[in-house]
Amino acid sequence: MNWQAFFELHRDLPREGPGSDLATLEALNRARAAAGRSRLGTESREPAFDLCVFDVGCGPGKQTLVLARELRRKIVAVDIHEPFLGQLRRAAFDAGLADLVETRLGRMEELDQPPGSIDLIWCEGAIYNVGFGEGLRLWRPMLRDGGIVVASEATWLVDDPPSACRTFWNVEYPPMTGIAGNETRAVAAGFDLIDHFVLPRAAWWDEYLTPIERRIARFRPKAARDADLAQVLKDHEREIDICHRFGDTFGYVFYIMRKN
Ligand code: SAH
């Protein structure tokens, strides 16, 4: 992958993965419900998410703004790509949420926080960078007892996907598994899977693939003179084609997990 060409295509997109504000809100409401319930199933009087909230692999941070607006507390937003953090800071300022968003340039696998100091770690479309189970394992000690991780992750939705689709994902993302597979990973990492839901298909298109499709059309003339850009466009067209043809066999799933 030529990263310069990649970021040329991806600069200032609304999102860097499937998702929507509505889906973020839905996941947050389910996470609040999970955090408010004790292990015995009784309602807790402790306020949910009182300590510290991280949004890791935040990208341009659409979900960060939803979290800040809803929780009315500071969200620490972590990403390795500074231009995304700049995009988030501008959006937070425009939304009147600048005081509630702290951007941090860094790696999600090196949060380096004291034990038990985090209430909630949010990770939309980004845990694949470290691996689903590995991310959970790394974050667990920093979470308080009963702390929550909410992560969205590409997931097989059928047992026997068509071979063209399976071949594509076996190259692009070999560890992709089903909901049960991710639950096994969560349990092995010391979490209970409290809740999950499949994002609606529109969450792939409206703010992610459709904007990329439009941009591909716009960049076509330039790509005729730029082999790296042409390759990046081709790779994205393949992914979009797979999503068009086989979009019922895999999807993004939100997982709401509690440290046990
Ligand atoms: N949550 C955002 C971005 C998802 S794309 C959204 O849904 O729009 C994945 C993001 O993870 C990118 O912004 C990328 O820069 C970031 N990333 C990749 N590796 C990372 C790492 N090791 N630590 C932190 N962020 C990382």
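Our subject in this report is the structure included herewith. (Residues numbered from 1 in each chain as written. Predicted model: local features only at pLDDT ≥ 70, side-chain atom pairs only at ≥ 80, totals over all residues. Heavy atoms only, no water.)

**Quick word on the overall build of the protein chain**
Condition: Helix and strand assignments come from DSSP, with helices taken as H or I runs of at least 4 residues and strands as E runs of at least 2, each series counted from the N terminus. Type-normalised accessible area, obtained with a 1.4 Å probe on protein chains alone, sets the label of each residue: buried when under 20%, exposed when over 50%, and partly exposed for intermediate values. Any pair of residues with heavy atoms lying within 4.5 Å of one another is described as a contacting pair. Each accessible area is a Shrake-Rupley estimate made with a 1.4 Å probe; only the visible protein chains count as cover when residues are assessed.
Helices and strands together make up the secondary structure of the protein chain, namely nine helices and seven strands. In the protein chain, buried positions account for 51% of the 260 residues. The long-range fraction of contacts in the protein chain, counting pairs at least 24 apart against all pairs at least 6 apart in sequence, stands at 78%. When the accessible surface of the protein chain is split by element, carbon and sulfur atoms take 50% of a total near 12,400 Å².

**Points about the sheet that holds strand β3 (residues 101-105)**
Put simply, the test is: Here, a strand pair is defined by DSSP locating no fewer than two bridges between the strands. Throughout, an axis means a line fitted to C-alpha atoms (over the contacting stretch in the case of helices), and angles, computed between N-to-C directions, take values from 0 to 180 degrees.
Pairing in this open sheet of seven strands is mixed, and the strands run β3-β2-β1-β4-β5-β7-β6 from one edge to the other. Each end of this open sheet is capped by a strand with a single partner; those strands are β3 and β6 (191-198). Taken over all neighbouring pairs, the strand axes of this sheet differ in orientation by 20 degrees on average, direction set aside. Where helix α5 (residues 132-139) meets the sheet, it contacts β1 (53-56), β4 (118-124), β5 (143-156), β6 and β7 (250-259), and its direction lies at approximately 165 degrees from that of β5.

**A look at the site of the ligand**
Here is the rule we go by: A molecule or strand has a residue near it when one of that residue's heavy atoms lies within 4 Å. Pairing of N or O atoms within 3.5 Å defines a polar contact, subject to two protein rules: one partner must be a possible hydrogen donor and the other a possible acceptor, and residues neighboring in sequence count only if both atoms are side-chain atoms. Each residue gets one label: Ala, Val, Leu, Ile, Met, Phe, Trp, Tyr, Cys and Pro are nonpolar, Asp, Glu, Lys and Arg are charged, and the others, such as Gly, are polar.
If you check the shell around the ligand, you find 20 residues, and the closest are Glu16, Gly57, Asp79, Met108 and Glu124. Within the backbone of Cys58, a nitrogen or oxygen atom sits 3.5 Å from a nitrogen atom of the ligand. Between the ligand and the protein, one listed contact pairs a nitrogen atom with a side-chain N or O atom of Gln63 at 3.5 Å. Here the ligand, which alone exposes 570 Å², has 93% of that area covered by the protein. Considered class by class, the residues forming the shell around the ligand number six nonpolar, eight polar and six charged.

**With respect to the packing of helix α8 (residues 202-223) against helix α9 (residues 227-246)**
Keep this limit in mind: Crossing handedness follows the turn of the near helix against the far one: under a right angle anticlockwise gives a left-handed crossing, and clockwise gives a right-handed one.
One way to put it is that α8 packs onto α9 with a least axis distance of 10 Å and a crossing angle of 145 degrees. Classified by chirality, the crossing of α9 by α8 is left-handed. Note on element contacts: α9 touches α8 through Ala227, Leu229, Ala230, Leu233, His236, Glu237, Ile240, Cys243 and His244, opposite Trp204, Trp205, Leu209, Ile212, Glu213, Ile216, Phe219, Arg220, Lys222 and Ala223. Residue composition of the contact of α8 with α9, grouped by class: 13 nonpolar, two polar and four charged.

**Remarks on the packing of aromatic side chains**
For the record, the criterion: Any two rings among Phe, Tyr and Trp, with Trp reduced to its six-membered ring, count as a pair given centres within 6.5 Å; such a pair is stacked if its planes are under 30 degrees apart, edge-to-face if over 60, and tilted if neither. Placement of a charge over a ring requires the Lys NZ or Arg CZ to be within 6 Å of the ring centre, with the centre-to-atom vector within 35 degrees of the ring normal.
In total, this model carries 13 aromatic pairs according to the counting rule given. Considering the side-chain rings of Trp204 and Tyr252, the 5.4 Å spacing of their centres and the 75 degrees angle between planes classify their relative orientation as edge-to-face. Separated by 48 residues along the polypeptide, Trp204 in helix α8 and Tyr252 in strand β7 bring together distant segments of the chain. On the accessibility criterion, Trp204 (2% relative accessible area) is buried. A cation sits over an aromatic face here: Arg201 above Phe250, 5.8 Å from the ring centre. Across from the ring centre of Phe219, 5.8 Å away, lies the NZ or CZ of Arg218, which sits over that ring.

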